[in-house]
Amino acid sequence: MKQSDPQNLFLNPVTDAIAPGYSSVIDKPMCMRTIEEKMRRSDYKTLSEFSKDVLLMFSNCIKYNIGPEGQWFRDEARRQQKVFQDHISNKAE
């Protein structure tokens, strides 16, 4: 997944310092570092649990980045979500 995110948009936790008001808009933040840590701890028991967090990460980006100024972020989240879903679909077959 990191290969599809060359800007590291989803790598680190989002803070209010980086994205003002993020914590008041997003109830359950998620990023690749958190997902990787959960994988190291074997928190994911199923592919579905893992997928849910990845999709949450993209959904959070789309939800927070509203208006014309957020268009690039929403488009990038949707692009990476499609890459992920296509990849997961191939694994499930």
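Look above for the structure.
Everything numeric in this text was worked out from a predicted model, so none of it was measured.

K.L.:
Is there a simple way to think about unusual backbone geometry in this case?
P.N.:
Trans is the prevailing form of peptide bonds, just as negative phi is the prevailing case for residues other than glycine. In this model, S42 sits at a positive phi of 60°, which is unusual for a non-glycine residue. Mapped onto the elements of the fold, S42 is located in the loop between helix 2 (32–40) and helix 3 (47–64). Since its relative accessible area comes to 43%, S42 is described here as partly exposed.

K.L.:
Looking at this structure, how should I read the nonpolar core?
P.N.:
Within the largest apolar cluster, 14 residues are counted, with the highest numbers of intra-cluster contacts made by F10, I35, V54, M57 and F58. With five residues, helix 3 is the single largest residue contributor to this core.

K.L.:
Just checking my understanding: could you explain the layout of surface pockets for this structure?
P.N.:
It is the rolling of a water-molecule-sized probe over the atoms that shows where space remains empty. What the largest pocket holds in volume is close to 380 Å³. As for the largest pocket, its lining consists of 18 residues, and the residues nearest its centre are L9, V14, I18, A19 and F73. If one sorts the elements of the lining of the largest pocket by residue count, helix 3 sits on top with four residues. Residues that form the lining of the largest pocket fall into these classes: 14 nonpolar, four polar and no charged.

K.L.:
Whenever I open this one, the environment of V54 confuses me. Can you help?
P.N.:
Here V54 shows up in helix 3. For the pair V54 and Q85, spaced 31 residues apart in the sequence, the C-alpha separation amounts to 9.7 Å.

K.L.:
Teacher, can you tell me more about the pattern of salt bridges here?
P.N.:
Pairing is possible between side chains that carry opposite charge, provided their charged atoms lie close to one another. Per the stated rule, a full pass over the model turns up seven salt bridges. In this structure, D53 and K28 form a salt bridge, with 4.0 Å as the shortest nitrogen-oxygen distance. Of this pair, D53 sits in helix 3 while K28 is found in the loop between helix 1 (22–25) and helix 2, placing the two residues 25 residues apart along the sequence. In this structure, the salt-bridge partner of E37 is R41, at a minimum N-O distance of 3.8 Å. Classification of E37 as partly exposed rests on a relative accessible area of 31%. Overlapping salt bridges bring together E37, R40, R41 and D43 as one network.

K.L.:
When you look at the packing of aromatic side chains in this model, what are you seeing that I'm missing?
P.N.:
Any aromatic ring pair is given by two values, namely how distant the centres are and how the planes are angled relative to each other. Using the criterion set out here, one finds five aromatic pairs in the structure. With centroids separated by 5.6 Å and ring planes inclined at 85°, the aromatic side chains of Y44 and F50 adopt a geometry described as edge-to-face. Across this residue pair, the class does not change: Y44 and F50 are buried. Put simply, the rings of Y44, F50 and F84 touch in pairs and so form one group of aromatic residues.

Calculation notes
- Residues numbered from 1 in each chain as written.
- Predicted model: local features only at pLDDT ≥ 70, side-chain atom pairs only at ≥ 80, totals over all residues.
- Heavy atoms only, no water.
- Helix = DSSP H or I, 4+ residues; strand = E, 2+ residues; numbered from the N terminus.
- Buried < 20%, exposed > 50% of the residue type's maximum accessible area, 1.4 Å probe, protein only.
- Core = buried A, V, L, I, M, F, W, Y, C linked by side-chain atoms within 4.5 Å.
- 1 Å grid on protein atoms, 1.4 Å probe; cavity = no way out; pocket = protein on both sides within 12 Å on 5 of 7 lines; lining within 4 Å.
- Points joined across faces, edges and corners; volume = space filled by probe spheres on them.
- Nonpolar A, V, L, I, M, F, W, Y, C, P; charged D, E, K, R; others polar.
- Salt bridge = Lys/Arg side-chain N within 4 Å of Asp/Glu carboxyl O.
- Phe/Tyr/Trp six-rings, centres within 6.5 Å; stacked < 30°, edge-to-face > 60°.

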